[in-house]
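An overview of the molecular structure
Now for the letters of each chain:
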Amino acid sequence: HGDRPEAYSTNTVAKREAIKRVIHQNLHKPDLCVAEIAQRCSLSVRYVQRLFSDDEHTASEYIRRQRLEGCKKQLADPAWLHHSITEIAFNWGFNSSAHFARVFKAQCGVSAREFRTQALLARNLDPSRGAPSVGTHSQDALSPAIKNS
């Protein structure tokens, strides 16, 4: 957008990055939506949507993709093998296993179960035997903790 002043572009990028930070901090909330993000950032819903209009994805698509990436990381991690696929999906803010299954397969081309099996086999682990008994539970800093209910 060559006709925009540099300060506007820098401000736009900064606001988009702030919105992405809010999204990442709240991915585990099933009710996370553009309206909540806008409120948390003191912006209008329309402005949040406009900030994402230059991106490849809308704000809602960005949220869904980030949740799927978090699920993929945990599905591929042997430390999470003792957690069900549904538990991992719900932990990342999905609130319907059927919806999760549809969007996962649409995004990844395989079911979550197939993805998990392939990822663990690639690490020379048998997904049917459970997590290795190493005693470590690696959880990266971006992963929300599993809620024990």
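Residues numbered from 1 in each chain as written. Predicted model: local features only at pLDDT ≥ 70, side-chain atom pairs only at ≥ 80, totals over all residues. Heavy atoms only, no water.

Regarding the packing of aromatic side chains
Evaluation of the coordinates by the stated rule reveals four aromatic pairs. An angle of 65 degrees between the planes, with centres 5.0 Å apart, marks the rings of Phe 94 and Phe 100 as edge-to-face. With 5.5 Å between their ring centres and 50 degrees between their planes, Phe 100 and Phe 104 make a pair best called tilted. With Phe 100 and Phe 104 both in helix 6 (residues 97–108) and four residues apart, this pair spans about one turn of that helix. Among the residues examined, Phe 104 registers a relative accessible area of 0% and is labelled buried. Through a chain of ring-to-ring contacts, three or more aromatic side chains come together here, namely Phe 94, Phe 100, Phe 104 and Phe 115. (Phe/Tyr/Trp six-rings, centres within 6.5 Å; stacked < 30°, edge-to-face > 60°. Helix = DSSP H or I, 4+ residues; strand = E, 2+ residues; numbered from the N terminus. Buried < 20%, exposed > 50% of the residue type's maximum accessible area, 1.4 Å probe, protein only.)

Structural notes on unusual backbone geometry
The phi dihedral of Ser 42 falls on the positive side, at around 55 degrees, and the residue is not glycine. For Ser 42, the position within the fold is in the loop between helix 2 (34–40) and helix 3 (45–52).

Focus: helix 3
All of the buried residues along helix 3 are Tyr 47, Val 48, Leu 51 and Phe 52. One face of helix 3 carries all of its buried residues, which in axial projection span an arc of 140 degrees. (Arc of directions from axis to C-beta.)

Examining helix 6
The end-to-end C-alpha separation of helix 6 is 16 Å, in line with the 16 Å expected for twelve residues at 1.5 Å each. For helix 6, the complete set of buried residues consists of Phe 100, Val 103 and Phe 104. Here the buried residues of helix 6 occupy an arc of 105 degrees about the axis, which is enough to place them on one side. Away from its buried face by more than 90 degrees, helix 6 exposes Arg 102 and Ala 106. Contacts made by the buried residues of helix 6 are with helix 4 (59–76), helix 5 (85–91) and helix 7 (112–122). At the C-terminal side of helix 6, Gly 109 shows a positive phi close to 85 degrees. (Expected span 1.5 Å × (residues − 1). Contact = heavy atoms within 4.5 Å.)

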